Amino acid sequence: MGKVHLEIDGKPFEAEVGSMIIEVADLAGIYIPRFCYHKKLSVAANCRMCMVDVSSIPKAVPASATPVAEGMQIQTKTEKAVSARKSVMEFLLINHPLDCPVCDQGGECELQDLSMEYGDDVSRFTEGKRVVKDKNIGPLISTDMTRCIHCTRCVRFGQEVVGIREMGAIGRGEHMEISTYIEESIESEVSGNIIDLCPVGALNAKPSLFKARAWEMRQSPSIAAHDCLGSNVWVHHRRGDIIRVVPRENEAINEVWLSDRDRFSYQALTEGERLLKPRIKRHGEWQEADWQSALSFVASEMKRVIGGSQGKNFGGLIGNSVTTEESYLFQKLLRGMECNNIDFRTRRRDFSGDGRSSVRSGFNFPMEELDHMDATLLIAADLRHEQPLTALRVRKSTGFGNAMAINPFDGEYNFKLAHEIQPDPHFLAQEFARVIVAADKLNPDVLHAEAKEWLNGVESELVHEEIAKKLLHGEKSCIVLGVYVQEHPQAQTINWLAESLASITQSEWGYMTQGCNAAGNKIAGAVPMQSAAGGKSKAGKNAKQMLLEGLQGYFLFNCEPDVESVWSKEALNSLNNASFVVAATPFADGRALDYADVLLPIAGCYETSGTYINVEGTWQSFAAAVKAPEESRPGWKVLRVLANLFELKGFDYESSEQVINELREKFDAAGENKVARKIPPPLMQVNESEVSRKSLGLYQVDSIVRRAKALQQTPKASTHPISVSRVTT
Amino acid sequence: MANEVCFRTLHLDEPWSLEAYESVGGYSALKKIVAGELGYEKIIDELKLSALRGRGGAGFPTGLKWSFMPRNMPGQKYVVCNSDEGEPGTFKDRDILRFNPHQLIEGMIIAGYVMNATVGYNYMRGEFYEPFERMEKALQEARDRNYLGEKILGSDICFELHNHMGAGAYICGEETALIESLEGKKGQPRFKPPFPANYGVFGRPTNVNNTESYASVPVILENSGQWFLDLGKPNNGGTKIFSVSGHVANPGNFEIGLGTSFKDLLAMAGGMLGGKKLKAVIPGGSSSPILPAETMMQLTMDYDAIGKAGSMLGSGAVIVLDETTCMVNLAAITAHFYYEESCGQCTPCREGTGWMSRVIHRILNGQGRADDLDNLDRVASNIMGRTICALGDAAAMPIKGFLKHYRHEFEYMIEHKRSIVAE
Amino acid sequence: MTDLSYDHKQHLKTLLPEPAINEIDHWIKKYPPERKRPPIIAALKVVQEHNGNYLTEELMQAVGEYLDVPQIAVFEVATFYSMFHLDKVGKHVISVCNNISCSLRGADNVIEQLQNRLNIKLGETTDDGLYTIKTVECMAACGGAPMLEVDKVYFENLTEEKVDQILSDIAALEIAKQKKPADLSAEVKK
Ligand SMILES: Cc1cc2nc3c(=O)[nH]c(=O)nc-3n(C[C@H](O)[C@H](O)[C@H](O)COP(=O)(O)O)c2cc1C
Ligand code: SF4
Ligand code: FES
């Protein structure tokens, strides 16, 4: 791209050919007012607020829609520019209600801010104002369409970024209204972004409505906790209460967006039924207890079960979305007690890779690169529901590249697929193998003999060849495995296939994981086959063994295996039959009330400091945004105190930073411990009972999301889980 | 000197038939092209020489416009005819479609050849059922004779032409709104640049001309650019159809040379209705500012003369007003029209047209205030030049025109709560 | 959940007679096959005509499904163009132009006369559901001002007699239509 030279307000700048004046000004830190322009959306140039004065053009021009040119002299503050903006401001205000004092946007309203500068205090408009009937567009977003200034950002967001047109501008002229087709029909999993996009108070977060004014809130940076992307957020709170959660810009991770799941889940913390004090069950009755007696009770019971079985008959299960610090201390505690039955992978069926794979998990390339892929092959990846923002990235790439899928789903895609194969879930690995066979034909020098031998007998068809060709010929290509793959009985086979295909076609590859911190849990050592940072461990039982075999005692750390495990029925049974179950949880309403003997109240996300490691291996630490309510405490502190009760050494941490630093040092010292995958067992059809036909629903993924009220009222909550196969028997 | 171009079949029986059209020399220009006697460069040269200016309102030279199309760019290109005819006062394209459809078809085929486009659309306003049927029949006749379709008359030229219908929206006459509408969307104008010649229908290079502009082309090529130029005056070549309506004895379309005096045109239209006195004229459709009788009687009917007098020739819609006309009432009708027809996408037009219309109606209802007129003029100025398309200007200019020439009528009404014009 | 056996084209076919579907298909063919939206306007017009001059939510939805475009895209179009009616209107919608030229030549008288004869106000529909009168903007027939359009036909140079004639012609047509089934059943009885 060439460069042009121009001046803005007398200062010289260099700019890319083809960029618009407003982009250059933004980079230069010169603010030009705007309503319709948004850097992530197409140019609409309909609000006319960004008018500037270009000396070679007689009329004022919109900076958002005027491309730069060599030698351009741009003035943002001359009479020509300012009077154009003032008149636009006047026009916008004639039909805008002056209800700032009761408007939720008050204090952070772009219209309000700019009217201070450009609005005349006395309106010369004395005719009646337009009133627009309100619409109910669902439980997440409240509307007050009389305030709408028709910038169409929300409409363009749906159309362009999400690829699902739900909002539209209906009617014409002054009667134009932003609307949905029928009421209550906003269903997209990223709909909340239109709240941020709306420059005025027409679209607001329904759960936060009338809870606080903008200037009363403080904000704390944090990390969202419900998918492996680790979106960056601001938590807005007032006097210790979370009021809302909004995206914090991070181009590499969530750009400027947030999924509805990450945005509205906090409601479980503020409105869910919280566990506020430790409880001990005595003679079948729950009694509140102080921390001291609850922890002593836990310690003595654990000693009893663990001591009596040399650690064999006790197991620790940890949730997918706990902090790395918590899972590190959890495993350190249990291992310190000689118990190696530790796992977080309650949705896994295939453990054959244990001990052979790297300590890292997830992606070996930055997610950001998904934007630029010429070819993307999805394997059982229900992106819109697993990782809503990743779906937006893949959608971007389909503007020039190809997305393809081998998915045993009723696919709901927000982008076009160049090829789609829908195998029965039993044959997922087989179907995938056919692509590798096709790729091997095109590029036979990569696979070694043993692998070729293994693939012998697998035949490819035209569609497999087309897919292989696109991956091979694309300058940048990748293979993305969905969360479902890690739940498949042939997960390791499929991982191996992906790695092999990637090497033949010179593609990148990666796999998605459940929850926000699978990568952190693994590095922390919350797995039976290795301790922290891939360190050695005596063999322990994995989640499946713990839940199916039935142990005498369990420690559940923010984990509800009776709901979230693929072995949920068996899990419930085992938990009911155990002689001692301790559950550390933020909530007081799960089945733990039935099967547990002690409940320890721990902080939920945003209430504790910690670190999540996302799918691409980025460590993101955060402080607590608010204090955990009443007696509940951050999990890492609970584990530290408990370890002290056991008189274990090395647990005198004063902050969670000390915990994570200890792990980080180990991790850095260990380096990359890549172990070659071995050739998987022969490709066979898998056992019917082992194949899941359901994956966890969009709003079922963890204990917090499951309790978020508004999310549970959306249509997506009930249409999920989606059925995995439509090609079933 | 009348009815020599677009209306040249009008004197025949069934003037819309293929026979009628061929009998006056129709499709001979196309035949010359097919025979290789008329190349696209020559056609553009002739058009430039003819000084044919766009008949849709803006008056942009047609030959120049055609030369902007990237004819050698690979991929589909489109030729689009603007038969939306929505400007109040205009009713000429309807008569071309009804009485001489083949000439439009031939003009568009030639345009397709010149711009290397193989598909054309004729966008007609939704209410044009009768013209639609005439056009459909004419298209069929042309297809049957292989004037349209694959390998036209055995040459390598291919051109398919479709009629498309709107559904009631004045804004769809604006060329980029028309393109959006043709794509099945709301008729909301696009920001320019990019211009349709680069990014038009379905994102492809597109040429948009008015019905009368295309229909003039075959005749120019049959005769010559010079011949056409001589029908009018320099820079204002040819004849133009003037749609005369309002207070004249014999309203109708008159195809006469540009540069004819208004006096003569008025006489052709039978003079003033009932012998009343001429008060003023809206010379180019409702978006052109009104001109008082004294000015008009001195003017010739061409782009330059009317432009110099502070108005526009526009689409050639001449609305004649006699002494009984109340200007406040006229301004109210005009303001209401643009208020109704604003597409609503950009702020100054969406909000400003409603504001102007409300103020004028309030004055009309006897509730005017002293500061209304300055405010009205200010609002009109604030719309002008600050909108995405020219509807904003079209809405503001006539209001400013009414205020400029007839401010006293508004003042009278504000003060006396009745019109200055006795019923 | 996506029901794969659901044929998106089917619903409209149950709502419209075959010739109407063929008409829509004819329009679809005019545009590049990968473009789904261009026939929306034409399809809505066909549908509206078959539904007695107005659109319903069901019909708009069926059009969206038939053309495979988002519902909101259809809704946007249906609400933008003035020839679409989203509320029930009369079988014969009498559209009177009251823009400049028609006003100058007596459009108000025409409106007045229609209101009196049909005993309804502008924008209203007669009790028998036969007539609606509305005003429209310029219809490109100013040379024949005043004018009105009804049932796709322009009537120009209106006079009082002409307007009466138009009304009685429509009435006669309606009576003829109503007679037919009755006559037929009388015949069957014989
Ligand atoms: C609001 C508005 C309405 C217009 N309506 C029409 C119209 O009805 N018919 C027309 O030919 N041009 C109309 N135009 C002009 C077109 O945008 C365009 O300039 C014209 O079709 C080009 O053709 P020409 O060069 O042959 O005149 C309109 C322009 C504006 C801004
Ligand atoms: S000027 Fe009016 S009609 Fe033109 S784009 Fe703006 S709102 Fe639409
Ligand atoms: S921000 Fe430029 S026109 Fe709206």
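Residues numbered from 1 in each chain as written. Chains lettered and ligands numbered in written order. Predicted model: local features only at pLDDT ≥ 70, side-chain atom pairs only at ≥ 80, totals over all residues. Heavy atoms only, no water.

> Before we move on, could you go through the interface of chain A and chain B and cite the residues and values that matter?
As a measure of interface size, the accessible area lost when the parts come together is often cited. Facing the 32 residues of chain A at the interface are 34 residues of chain B. Summing both partners gives a buried area of about 2,800 Å² for chain A against chain B, and 51% of it is carried by carbon and sulfur. A per-residue breakdown of the area chain A buries against chain B is headed by Phe91, Arg172 and Glu174 of chain A, which together make up 26% of the total. Scanning the region where chain A abuts chain B turns up 5 salt bridges. Note that Glu127 of chain A and Arg362 of chain B form a salt bridge whose closest N and O atoms lie 2.9 Å from each other. Here chain A and chain B share 21 residue pairs in polar contact (both at pLDDT 80 or more) between them. The residue inventory of the side of chain A that touches chain B, partitioned by class, reads 16 nonpolar, 8 polar and 8 charged. (Contact = heavy atoms within 4.5 Å. Buried area = accessible area lost by both parts, 1.4 Å probe. Salt bridge = Lys/Arg side-chain N within 4 Å of Asp/Glu carboxyl O. Polar contact = N/O pair within 3.5 Å; in protein donor to acceptor, adjacent residues only side chain to side chain. Nonpolar A, V, L, I, M, F, W, Y, C, P; charged D, E, K, R; others polar.)

> Just give me the short version of helix H4 (residues 57–67) of chain C, but keep the residues and values in it.
Counting along an α-helix, one turn takes 3.6 residues, and residues three or four places apart therefore face a common direction. All names here are of chain C. Of all the 11 residues making up H4, 8 are buried; the element is thus mostly covered by neighbouring parts of the structure. For H4, the set of buried residues is Leu59, Met60, Ala62, Val63, Gly64, Glu65, Tyr66 and Leu67. Among the structural elements, helix H1 (10–15), helix H2 (18–28), helix H3 (40–50) and helix H5 (71–80) are those in contact with the buried residues of H4. Looking one or two residues past H4, Asp68 carries a phi angle of roughly 65°, positive in sign. (Buried < 20%, exposed > 50% of the residue type's maximum accessible area, 1.4 Å probe, protein only. Helix = DSSP H or I, 4+ residues; strand = E, 2+ residues; numbered from the N terminus.)

> Tell me what's going on with the interface of chain B and chain C, and back it up with residues and numbers.
Opposite the 59 residues of chain B that make contact, chain C presents 36 residues. Roughly 3,700 Å² of surface becomes buried between chain B and chain C when both sides are summed, with 61% attributable to carbon and sulfur atoms. Among the residues chain B hides against chain C, the three largest losses belong to Tyr129, Ala167 and Lys186 of chain B. Together they make up 17% of the total. Put simply, Lys186 of chain B and Glu76 of chain C hold a salt bridge, and the shortest N to O gap is 3.8 Å.

> Describe in detail the packing of aromatic side chains, supporting the description with residues and values.
In this structure the tally under the stated criterion is 28 aromatic pairs over all chains. Ring centres 6.3 Å apart and planes at 85° place the aromatic pair Phe651 of chain A and Tyr653 of chain A in the edge-to-face group. On the accessibility criterion, Phe651 of chain A (1% relative accessible area) is buried. We classify Tyr653 of chain A as buried; its relative accessible area is 5%. Site record: aromatic cluster; members linked through ring pairs are Tyr78, Tyr121 and Phe202 of chain B together with Tyr31 of chain C. Above the face of the Tyr40 of chain B ring, Arg71 of chain B is positioned so that its terminal group lies 3.6 Å from the ring centre. Positioned above the aromatic ring of Trp16 of chain B, the side-chain terminus of Arg134 of chain B is 3.6 Å from the ring centre. (Phe/Tyr/Trp six-rings, centres within 6.5 Å; stacked < 30°, edge-to-face > 60°. Lys NZ or Arg CZ within 6 Å of the ring centre and 35° of its normal.)

Such coordinate-based values are descriptive only and should not be taken to indicate function.
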